[in-house]
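Observations on the three-dimensional arrangement
Below are the chains, spelled out letter by letter.
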Amino acid sequence: SNLSANCWSHLHPVNMFNSYNVKFHHSKALTSPYPGSHTERSQVPEDKVGWLTEWKDYNPVEYTAKSVLAGPSWADPQINDEGFSPKFNERDGEVERRSLNGLYVVENGRPRNPVGRTGLTGRGLLGRWGPNHAADPVVTRWKRDGSGSKVAHPVTGKNILQFVAIKRRDCGEWAIPGGMVDPGEKITATLRREFEEEALNSLQKTAEEKAKLEKQLQKLFSQEHFVVYRGYVDDPRNTDNAWMETEAVNYHDETGETMDNLPLEAGDDAGVVKWVDISEKLELYASHSYFIKLVTEKLGAHWSEDPGSECHE
């Protein structure tokens, strides 16, 4: 991707998508085969991604995973099912069908991916038609040496930041420990719950252990935080009719005291959890590297040894 694609957020970090001078392209949302399947997407050339480009011969593959069609509590019925009349672009009972990026088009009863074509219709692995809302807690601290002093990068002289990373069980990629917002759940609750489940294995803890964790986390999650990003995510699970959106929020432990005594333990969707040094060399799931980069900019931490990789307006 070109520099402008890497830098789109510099203009409006919280609402990148409405700044028309910056173009946003699908890349992960065009990958084949579709995750967890042998289904190949129809190929979409870069100049045909946008819906405004006419493409009469566009013939995407239809695919919804069996796990979604089985009708779990987190998934919608099929669009033509009797009695299912979703209220798109609004709050639909407990289900949030509004997009963080404004109104989306609904065509033939199906919501249309606001960023463009993906070569696949249906819902793939996603439960909801339209936006599927997630929350990503970016928990950070400064890297410190044995004597407790911050460690600076030898080339840039900037302090090195660390974040709590998990290795996802489904694809083996490193990621921010996030997850889906439950119906009716507040984003703040999701951020905290997902961190507890994936990075502290709270689902396997006794009530007593859980209460102790809660007390420690209260300090971290109740302090001032920074909303890194809100909006559409270029995710390999996206389709023409279902897509991921997230709110990524940074909780920074400046002194390191809050997180020092917190026993990291992988749980739920996480295979491994650990503190990871942040730099541009990180290869992370979906748009996670991009969220991490925004945090380093905000905190003035080390990101790249190449001075040309910083964004300039």
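My aim in this report is to walk through the structure given alongside it, one point at a time.

Scoring rules and cut-offs
- Residues numbered from 1 in each chain as written.
- Predicted model: local features only at pLDDT ≥ 70, side-chain atom pairs only at ≥ 80, totals over all residues.
- Heavy atoms only, no water.
- Helix = DSSP H or I, 4+ residues; strand = E, 2+ residues; numbered from the N terminus.
- Buried < 20%, exposed > 50% of the residue type's maximum accessible area, 1.4 Å probe, protein only.
- Contact = heavy atoms within 4.5 Å.
- Areas by Shrake-Rupley, 256 points an atom, 1.4 Å probe, with all protein chains shown as cover.
- Pairing = 2+ DSSP bridges.
- Core = buried A, V, L, I, M, F, W, Y, C linked by side-chain atoms within 4.5 Å.
- Phe/Tyr/Trp six-rings, centres within 6.5 Å; stacked < 30°, edge-to-face > 60°.
- Salt bridge = Lys/Arg side-chain N within 4 Å of Asp/Glu carboxyl O.
- Axes fitted to C-alpha atoms, helices over the stretch in contact; angles between N-to-C directions.
- Parallel < 35°, antiparallel > 145°, perpendicular 65-115°, else oblique.
- Left-handed = near helix turned anticlockwise from the far one by under 90°.

1. Things to note about the overall build of the protein chain
In terms of regular secondary structure, the protein chain is built from six helices and 13 strands. The buried share of the protein chain, reckoned over its 313 residues, is 50%. The long-range share in the protein chain, meaning contacts at least 24 apart out of those at least 6 apart in sequence, stands at 69%. Carbon and sulfur atoms make up 49% of the accessible area of the protein chain, which totals about 15600 Å².

2. Quick notes on the pairing of strand E11 (residues 226-232)
Taken across its seven residues, E11 has five buried, putting it largely inside the fold. Strand direction decides the pairing type here: E11 and strand E12 (residues 242-253), joined by six bridges, are antiparallel. Paired with Gly-231 across the bridge in E12 is Thr-246.

3. Details of the side chain of Thr-190
Structurally, Thr-190 can be placed in helix H3 (residues 187-199). Residue classification places Thr-190 among the buried positions, given a relative accessible area of 0%. With residues near it in sequence (within four places) discarded, Thr-190 still touches Ala-135, Gly-179, Met-180, Val-181 and Glu-185.

4. Topic: the environment of Leu-282
The residue Leu-282 is located in the loop between strand E13 (270-277) and helix H6 (288-299) in this model. Remark: the alpha-carbon pair of Leu-282 and Ala-175, spanning 107 residues in sequence, is separated by 10.0 Å. Apart from the residues within four sequence positions on either side, Leu-282 is in contact with Phe-163, Val-276, Asp-277, Ser-289 and Ile-292.

5. Points about the nonpolar core
Within the largest apolar cluster, 57 residues are counted, with the highest numbers of intra-cluster contacts made by Val-139, Phe-163, Phe-195 and Ile-292. Taken together, the elements giving at least two residues each to this core come down to strand E7 (130-142), strand E8 (161-168), H3, helix H4 (207-222), E11, E12, E13 and H6. If you tally residues by element for this core, the top one is E12, at six residues. Apart from residues no more than four positions distant in its own chain, Phe-163 is found in contact with Val-139, Thr-140, Ala-175, Ile-176, Lys-274, Trp-275, Val-276, Ile-278, Leu-282, Leu-284 and Ile-292.

6. Thoughts on the packing of aromatic side chains
Taken as a whole, this structure holds 10 aromatic pairs when the rule is applied. On the numbers, 5.2 Å between centres and 85 degrees between planes, the contact of Tyr-104 with Trp-243 is edge-to-face. Of this pair, Tyr-104 sits in the loop between strand E3 (95-96) and strand E4 (106-107) while Trp-243 is found in strand E12, placing the two residues 139 residues apart along the sequence. Assessed through its relative accessible area of 0%, Trp-243 is described here as buried.

7. Notes on the pattern of salt bridges
Side-chain pairing between opposite charges can occur once the charged atoms of the two side chains come close. Per the stated rule, a full pass over the model turns up 22 salt bridges. A salt bridge links Glu-185 to Arg-193; the nearest nitrogen and oxygen atoms lie 2.8 Å apart. The same class applies to Glu-185 and to Arg-193, which are both buried. One network of salt bridges, in which partners are shared, links Asp-182, Glu-185, Arg-193, Glu-194 and Glu-197.

8. Regarding unusual backbone geometry
Between Ser-32 and the following residue, Pro-33, the backbone shows a cis peptide bond with an omega angle of -5 degrees. Tracing the sequence through the fold places Pro-33 in the loop between helix H1 (3-6) and strand E1 (61-64). Notably, Asn-89 is not glycine yet its phi reads approximately 65 degrees, a positive angle. Note that Asn-89 resides in the loop between helix H2 (66-69) and strand E2 (91-92). Unlike most non-glycine residues, Asn-108 shows phi in positive territory, near 50 degrees. Tracing the chain through its elements places Asn-108 in the loop between E4 and strand E5 (110-111).

9. Considerations on the packing of H3 against H4
Where H3 contacts H4, the axes come no closer than 12 Å and their chain directions differ by 135 degrees. Classified by the interaxial angle, the pair formed by H3 and H4 is oblique. The handedness of the crossing between H3 and H4 is right-handed. Each of Leu-191, Arg-192, Phe-195 and Glu-196 in H3 lies in contact with H4, whose residues at this interface are Glu-214, Leu-217, Gln-218 and Phe-221.

This is a description of form; function is not addressed.
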